[in-house]
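Next come the chains, spelled out residue by residue.
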Amino acid sequence: MSTPPPSAVEPSVPARRQPADALQWVAYAAIVLVTIAADQVTKAIARDSFTPNDPFEVLPFLHFTNTWNTGIAFGQFRDNQIIVIALSFVAIVWMLVYFARSGGRSPLLPVSLGLLTGGAASNLFDRLTQGHVTDFIEFPRFPVFNLADSAITVGVILLLIVLLAGERQTRS
């Protein structure tokens, strides 16, 4: 008795594993590099222009406040740099591997994973070189953050959209 080919048994596997092509790698790398550059430039401006912990009002609902953050995601793991660095490194490696294996699944994957990787890499660079991350964007009743944090948030939202759309496709 012969066994059916794997694609007949698992129709969703080919849809889930679509390696990124050269153009998708270029888009991914460009988004990573632009994210890192924009984040590092804005952090340097914040460090050079704003007194630490002294809010500068840009608009009534937006302040720039130069602060240091040794944690991640709203101050979690504060003062545990080894854990934060290890988690950041693992996340970056996971995103690279995932993109290599599945980057061709959606045109949004280079964007979402590029933003995630760029944001994580930029904050990791700060932790390795300064021992903390510079945060400076402040809205009332919200933790102070930076462009890398914004890129990570947008990247997660886009990745969820891609994953949910992919699940819908495999069910139909």
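Quick notes on the rules
- Residues numbered from 1 in each chain as written.
- Predicted model: local features only at pLDDT ≥ 70, side-chain atom pairs only at ≥ 80, totals over all residues.
- Heavy atoms only, no water.
- Helix = DSSP H or I, 4+ residues; strand = E, 2+ residues; numbered from the N terminus.
- Expected span 1.5 Å × (residues − 1).
- Buried < 20%, exposed > 50% of the residue type's maximum accessible area, 1.4 Å probe, protein only.
- Arc of directions from axis to C-beta.
- Pairing = 2+ DSSP bridges.
- Axes fitted to C-alpha atoms, helices over the stretch in contact; angles between N-to-C directions.

Draft legend 1. Main features of helix α4 (residues 81-102). Look at α4: 31 Å from first C-alpha to last across 22 residues, which is about the 32 Å you get at 1.5 Å a residue. Taken together, the buried positions of α4 are Q81, V84, S88, I92, M95, Y98, F99 and S102. Down the axis of α4, the sector holding all buried residues measures 135°, keeping them to one side. Exposed residues lying more than 90 degrees from the buried face of α4 are I82, F89 and V90.

Draft legend 2. View of the sheet that holds strand β2 (residues 62-69). In space, the three strands of this open sheet follow the order β1-β2-β3, with antiparallel pairing throughout. Each having just a single partner strand, β1 (56-59) and β3 (133-138) make up the two edges of the open sheet. This sheet shows a mean twist of 30° between the axes of neighbouring strands, independent of strand direction. Of the strand pairs in this sheet, β1 and β2 are connected by three bridges, and their pairing is antiparallel. Directly across from E57, in β2, lies its bridge partner H63.

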